[in-house]
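What the coordinates show
Now for the letters of each chain:
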Amino acid sequence: MLTEKEIHDVPETQLDMSRLPQHIAIIMDGNGRWAQARGMERAAGHVEGVTTVRRITEECSRLGIGYLTLYAFSTENWNRPQAEVDALMHLIATAIERETPDLIKNNVRLRVIGDRSRMPADTLARLERCVRDTSGGSGLTLVLAISYSSRWEITDAARRIAAEAAAGRLDPASITDDTVARNLATAFMPDPDLLIRTGGDMRVSNFLLWQIAYSEIYITDIYWPDFNAYDLRRAISDYQSRQRRFGLTGEQVQ
Ligand code: IPE
Ligand code: IPE
Ligand code: MG
């Protein structure tokens, strides 16, 4: 582990501030393993993970990143033991309540994507209050993916597009990929430039499947509670070393 001083000694000069990713998405994984490695309950890892959310949100804000999307709870996570689900929902609600004043102070705007119909009323109410109270923020947009899965989102979009067509308001022949994108929960933001996964697993676990078509992927073994500002800058630096070709040849994009 780096000390606070060492973290701040990793200079931004490593980064090209004119080529920062506009949107960073993170699969925050490894809370349970972090706790278990210390002989603690999994829930303790989730509590520690909230500290990392704060740290990484602050760093993204400071760097001037436009959008930060955090995968906090997946559709499949509803199938975990009820006690863990309850602990996570409670943790989300209390963290949001506690952090709202600082989000406002730091000019952060909160958005939530996911299936609201499955969230406990109290958690949903606090999230929606925070979204409303931070709606004037003109800095970082922090997007929490809660009760979210890409297949839920795409299915939901398909249902709405089909309803429009059935009502005669939309010609199926006129549907383009833009029609689909506009019906996704993420319609208000650009696709992620950089997708980070902590905890070392090389998979996307039903996260932003449509939107990451051309995202640069960065996977680190570090567990989410240990992930810090230095690690984030390292991921961004790695991102900046890549040539994004979008299907073209290297010569074409140079
Ligand atoms: C990620 O940590 C947080 C959530 C999925 C809510 P995990 O709880 O999945 O931690 P591991 O992967 O079991 O270590
Ligand atoms: C992905 O982590 C979901 C979140 C980080 C919220 P999981 O721990 O649920 O993913 P799998 O089960 O290892 O694929
Ligand atoms: Mg996990």
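Now for a quick tour of the structure. (Residues numbered from 1 in each chain as written. Chains lettered and ligands numbered in written order. Predicted model: local features only at pLDDT ≥ 70, side-chain atom pairs only at ≥ 80, totals over all residues. Heavy atoms only, no water.)

**What to know about unusual backbone geometry**
For clarity, the cut-off: Secondary structure counts use DSSP, requiring at least four H or I residues in a row for a helix and at least two E residues in a row for a strand, with both numbered from the N terminus. Using a 1.4 Å probe on the protein chains alone, a residue whose accessible area is under 20% of its type maximum counts as buried, one over 50% counts as exposed, and one in between counts as partly exposed.
Backbone geometry at asparagine 206 places phi at a positive 65 degrees, although glycine is not the residue there. Examined against the element boundaries, asparagine 206 turns out to sit in the loop between strand S5 (194-197) and strand S6 (216-219). Judged by its relative accessible area of 13%, asparagine 206 falls in the buried class. A positive phi angle is found at phenylalanine 246, which is not glycine, with a value near 50 degrees.

**What to know about the packing of aromatic side chains**
Rules: Aromatic rings from Phe, Tyr and Trp, with only the six-membered ring used for Trp, were paired whenever their centres fell within 6.5 Å, and each pair was classed as stacked if the ring planes differed by under 30 degrees, edge-to-face if by over 60, and tilted otherwise. In this scheme, the term charge over a ring applies when either NZ of a lysine or CZ of an arginine sits within 6 Å of the ring centre and within 35 degrees of the ring normal.
A complete count under the given rule lists seven aromatic pairs for this structure. Between the aromatic rings of phenylalanine 73 and tryptophan 78, the centroid separation amounts to 4.7 Å while the plane-to-plane angle is 65 degrees, which identifies the pairing as edge-to-face. Residue phenylalanine 73 is classed as buried on the basis of its relative accessible area of 0%. With 6.3 Å between their ring centres and 75 degrees between their planes, tyrosine 148 and tryptophan 152 make a pair best called edge-to-face. Here the aromatic cluster, defined as three or more aromatic residues joined through ring pairs, consists of Tyr71, Tyr148, Trp152 and Phe207. In this structure, arginine 111 is placed above the aromatic ring of phenylalanine 188, and the distance from its NZ or CZ to the ring centre is 4.0 Å.

**Structural notes on the nonpolar core**
Quick note on the threshold: The nonpolar core is taken to be a set of buried Ala, Val, Leu, Ile, Met, Phe, Trp, Tyr and Cys residues, with the residues joined through side-chain atoms within 4.5 Å.
If you look at the biggest cluster of nonpolar residues, it comprises 39 residues, and the most contacted ones within it are Ile24, Ile26, Leu68, Leu127, Ile196, Leu232 and Ile236. Counting 13 residues, the second-largest nonpolar core is a separate cluster that includes Ile27, Ile113, Ala145 and Leu195.

**Focus on the environment of leucine 91**
Here is the rule: Here, two residues are considered to be in contact whenever any of their heavy atoms come within 4.5 Å of each other.
You can see leucine 91 is positioned in helix H4 (residues 82-105). Between the C-alpha atoms of leucine 91 and methionine 17, which are 74 residues apart in sequence, the distance is 34 Å. Here leucine 91 is in contact with His46, Val47 and Val50, once residues within four sequence places are set aside.

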